[in-house]
Amino acid sequence: MTKKLRTEPRIEDPDDFYAGLISLHEGLDSEQSQSLNSKLILLMANHIGDRQTLDELLALAHSYRPQE
Amino acid sequence: MRGVRQTYPFVKPTELDSPERARAPVIIVGAGPVGMAMGLDLDRHGIRNIILDDDNKVSIGSRAICWSKRVLEIMDRLGCGERMLAKGVQWNLGKVFFGDEKEPVYGFNILEQEDQQFPGFVNLQQYYVEEYLIDEIDRSALTGIRWENEVVAVEQTDAGVTVTIGTPQGEYKLDCDYLIAADGSNSPVRKMLGFEFDGETFQDHFLIADIKMKAGFPTERWFWFDPPFNRGQSALLHKQPDDVWRLDFQLGWDIDREEELKLENISRRIRAMLGESLEFEFEWASIYTFQCRQMDRFVHDRIIFIGDAAHLVSPFGARGANGGLQDVDNLGWKLALVLNDNAPVGLLESYNNERVIAARENVLNSTRATDFITPKSTTSRIFRDSALELAREFEFARRFVNSGRLSVACVLDQSELNVMDSDDFGGDLVPGSPALDAPVTINGEESWFLKTIGKQFTGVYFATDGTQAPDGAAKLEADAIPVKTIVVATGDETETLVDHKGILEKRLDGEPGTYCLFRPDQHLVARWRDFDLQAVRSAVAEATMHTHTTDTT
């Protein structure tokens, strides 16, 4: 199966987006940050919608998990 | 608490005094809803059987309360469906609450399809269902219950099974061709034979309280995540007949069971949930843990497991009794064909294959619901709460919220008994689906399609002209495994069977000339755009595990 997940650079003005992402978490404790992140993930997942792309995302993120 | 409804007397079996050992084609262990339905289903297929039960009463407390549409259809063929519908509480709406917010996060409608005799669910205490089954069994010449007959030993040989039975007046033995274990989640038969029952026990406790109250709550399923009256846990409210309400409180893992079961403590919980001034009486209360388990195989030569003895799920989703009764529906006709030498023993293997897959689906759904309700990690809990928060606004997030995926009819689309479509079909069914009901008229009288099929193989033919059956339909009726043909007439309302609203045609994609073959349990085997006698015969052969076509012409 051909890969559907796109990993080449696609975001316009990445520094600005990144700063926006980090600023979301300003003043939040760890639980609040996790809660925000999980909502972000669920919203993004639904926006992507395509199951194959989502499964590739899960697999790729899993392969980058911290090692013990 | 309410007492026992009624006890059923021990009747001394004649075999206790007889030197000769009696033999029955089938012995069923366990007179719960599943065991009793099995006895009746075999009765409808002409197979004599004996039901043994170690107790002398129906279930204490309501226990199983949600009966699915498919199960009502199955129970209808056993004579109990309309009583269940008349007594039961119908409901279509569920609501999900989260946290302190008084307004529900969302509501959902479970009504799957209109124009069917039975609704998506009715709620009814298990003891009523058992009493209806007992009434039907009392009318049967081929099945009967022996109360206070406890199976103490089971021995299987090539020729059959010998059961040793303990009674208040001593032990005796019975022989049978097949033993069906319907003896519940702790199945003594399974334990005697040393079969594994793999799965998991969830680290959680739930308190069920059935209370009687005159309350103005609507007839809906209400489910709370993290409500103020049960912080960090879940709760459920659901109506039953006779003003009885099912309350379910998640308690967590680390609890003092005895303390929690004290009536004053349960009352405190109930008043916190429903109001301090609430007047109510207790019907039943119990604390339980959830398990999801199943046997690797349900068929062990001449010993066959059904219901909770074979597979156990958590109650969220109502997949316990509803799954067990679909086991019954699947097994009865197959065992009857095998016992009458009309099908090879291999047909029983298809019960094993079809219902093991169905049980896996139920275990999977039930495990996922339990994991959502009782998250196993902080991250899992945070994701759950996030889904619930998003669900207030977004439909997509409601799809993640899981307070139990309610039992729907099992589609046996992977079954080896199906014949793949060779013609193009649309509609609501695929080979392996249970038939869908539809309103029809029979001789001008309003009736339901599902009442016309089942018990034996049935072909549904959409006539091209009037009530004319296809050539060869009469030959099928005379086969060793007869196929009855039902003609859906094209004419007016005085004809035999008329699809007067056109709904059956739509559901089955039945354009004129179409022939749909259903198994005795109403699952679709095969369908064609044109009737072909040989094609129908080979489909019946395939659906009964014969390698060759039955040929009686």
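Conventions we followed
Residues numbered from 1 in each chain as written. Chains lettered and ligands numbered in written order. Predicted model: local features only at pLDDT ≥ 70, side-chain atom pairs only at ≥ 80, totals over all residues. Heavy atoms only, no water. Helix = DSSP H or I, 4+ residues; strand = E, 2+ residues; numbered from the N terminus. Rg over C-alpha atoms; globule rule 2.2 N^0.38 Å. Buried < 20%, exposed > 50% of the residue type's maximum accessible area, 1.4 Å probe, protein only. Contact = heavy atoms within 4.5 Å. Lys, Arg positive; Asp, Glu negative; His and termini not counted. Charge placed at Lys NZ, Arg CZ, Asp CG, Glu CD. Buried area = accessible area lost by both parts, 1.4 Å probe. Salt bridge = Lys/Arg side-chain N within 4 Å of Asp/Glu carboxyl O. Polar contact = N/O pair within 3.5 Å; in protein donor to acceptor, adjacent residues only side chain to side chain. Nonpolar A, V, L, I, M, F, W, Y, C, P; charged D, E, K, R; others polar. Axes fitted to C-alpha atoms, helices over the stretch in contact; angles between N-to-C directions. Parallel < 35°, antiparallel > 145°, perpendicular 65-115°, else oblique. Left-handed = near helix turned anticlockwise from the far one by under 90°. Core = buried A, V, L, I, M, F, W, Y, C linked by side-chain atoms within 4.5 Å. Domains from an automatic or database assignment. Expected span 1.5 Å × (residues − 1). Pairing = 2+ DSSP bridges.

Visitor: So, the overall build of chain B: which residues are in play, and what are the values?
Guide: Counting secondary structure elements, chain B contains 14 helices and 28 strands. The C-alpha radius of gyration computed for chain B amounts to 25 Å, which stays within 12% of the reference 24 Å derived for 553 residues, consistent with globular compactness. Seen along its three principal axes, the alpha-carbon backbone of chain B occupies a region of about 75 × 65 × 40 Å. Per-residue burial over chain B gives 59% buried out of 553 residues. Across chain B, the fraction of contacts at a sequence separation of at least 24, relative to all contacts at a separation of at least 6, is 72%. Averaged over its 58 positive side-chain charges, chain B has a centre that lies 4 Å from the centre of its 89 negative ones.

Visitor: Run through the interface of chain A and chain B, naming residues and quoting values.
Guide: In this assembly, nine residues from chain A lie in contact with 11 residues from chain B. Between chain A and chain B lies a buried interface of about 1,000 Å² when both sides are counted; carbon and sulfur atoms form 70% of it. Looking at the side of chain A facing chain B, the largest losses of area belong to Gln34(A), Lys39(A) and Leu42(A), adding up to 48% of the total buried there. Inspection of the region where chain A meets chain B yields two salt bridges. Linking Arg381(B) and Glu31(A) is a salt bridge whose minimum nitrogen-to-oxygen distance equals 2.9 Å. The tally of links from chain A across to chain B stands at five residue pairs in polar contact (both at pLDDT 80 or more). Class assignment of the residues belonging to the side of chain A that touches chain B gives a composition of three nonpolar, four polar and two charged.

Visitor: How would you summarise the packing of helix 1 (residues 33–44) of chain B against helix 4 (residues 126–138) of chain B if you had to cite specific residues and measurements?
Guide: All names here are of chain B. Viewed as axis vectors pointing N to C, helix 1 and helix 4 meet at an angle of 30 degrees, and their least axial separation amounts to 10 Å. One element, helix 1, and the other, helix 4, form an angle in the roughly parallel class. In the crossing of helix 1 with helix 4, the sense of the turn from one axis to the other is left-handed. Along the contact surface, helix 1 presents Pro33, Met36, Ala37, Leu40 and Arg44, while helix 4 presents Gln126, Glu130, Leu133, Ile134, Glu136 and Ile137.

Visitor: Give a description of the nonpolar core that names residues and reports values.
Guide: Residues and elements named next belong to chain B. Counting residues in each nonpolar core, the largest one holds 99 residues, and the members touching the most others are Leu179 and Phe457. Top contributing element to this core by residue count: helix 8 (residues 321–339), with eight residues. For this core, the domains that each give at least three residues are domain 1 (14–89 + 124–199 + 294–368) and domain 2 (439–543). Excluding its chain neighbours within four sequence positions, the residues that come into contact with Leu179 are Ile27, Val29, Val154, Val161, Val163, Val189, Arg302, Ile303 and Ile304.

Visitor: So what about helix 10 (residues 378–391) of chain B? Which residues, and what values?
Guide: Between its first and last C-alpha, helix 10 of chain B extends 20 Å over 14 residues, near the 20 Å set by a 1.5 Å rise per residue. Within the span of helix 10 of chain B, buried status applies to Ile382(B), Arg384(B), Asp385(B), Ser386(B), Ala387(B), Leu388(B), Leu390(B) and Ala391(B). Where helix 10 of chain B is buried, its residues contact helix 2 (30–48) of chain A together with strand 5 (93–98), strand 6 (106–109), strand 14 (221–225), helix 9 (346–373) and helix 11 (395–398) of chain B.

Visitor: I'd like a rundown of the sheet that holds strand 3 (residues 66–68) of chain B, residues and numbers included.
Guide: Residue and element names in this part refer to chain B. Spatially, three strands are ordered 3-7-4 in an open sheet, and the strand pairing comes out antiparallel. Because the sheet does not close on itself, it has two edges, and the strands there are strand 3 and strand 4 (89–90). Sitting on the sheet, helix 2 (residues 69–77) touches strand 3 and strand 7 (121–123), and the angle it makes with strand 3 is about 75 degrees. Lying on the sheet, helix 8 is in contact with strand 3 and strand 7; it crosses strand 3 at an angle near 40 degrees.

Visitor: I'd love a proper account of unusual backbone geometry, names of residues and values included.
Guide: All names here are of chain B. Positive phi values are uncommon outside glycine, yet Asp341 reaches one of about 60 degrees. Inspection of the secondary structure puts Asp341 in the loop between helix 8 and helix 9. You will see that Lys455, though not glycine, has its phi angle at about 75 degrees, which is positive. Note that Lys455 resides in the loop between strand 23 (445–448) and strand 24 (457–462). Among the residues examined, Lys455 registers a relative accessible area of 54% and is labelled exposed.

Visitor: So what's going on with the side chain of Ser415(B)? Which residues, and what values?
Guide: Residue and element names in this part refer to chain B. On the secondary structure map, Ser415 appears in the loop between helix 11 and strand 22 (439–442). Assessed through its relative accessible area of 11%, Ser415 is described here as buried. Among all residues touching Ser415, those that are not within four sequence positions of it are Glu354 and Arg519.

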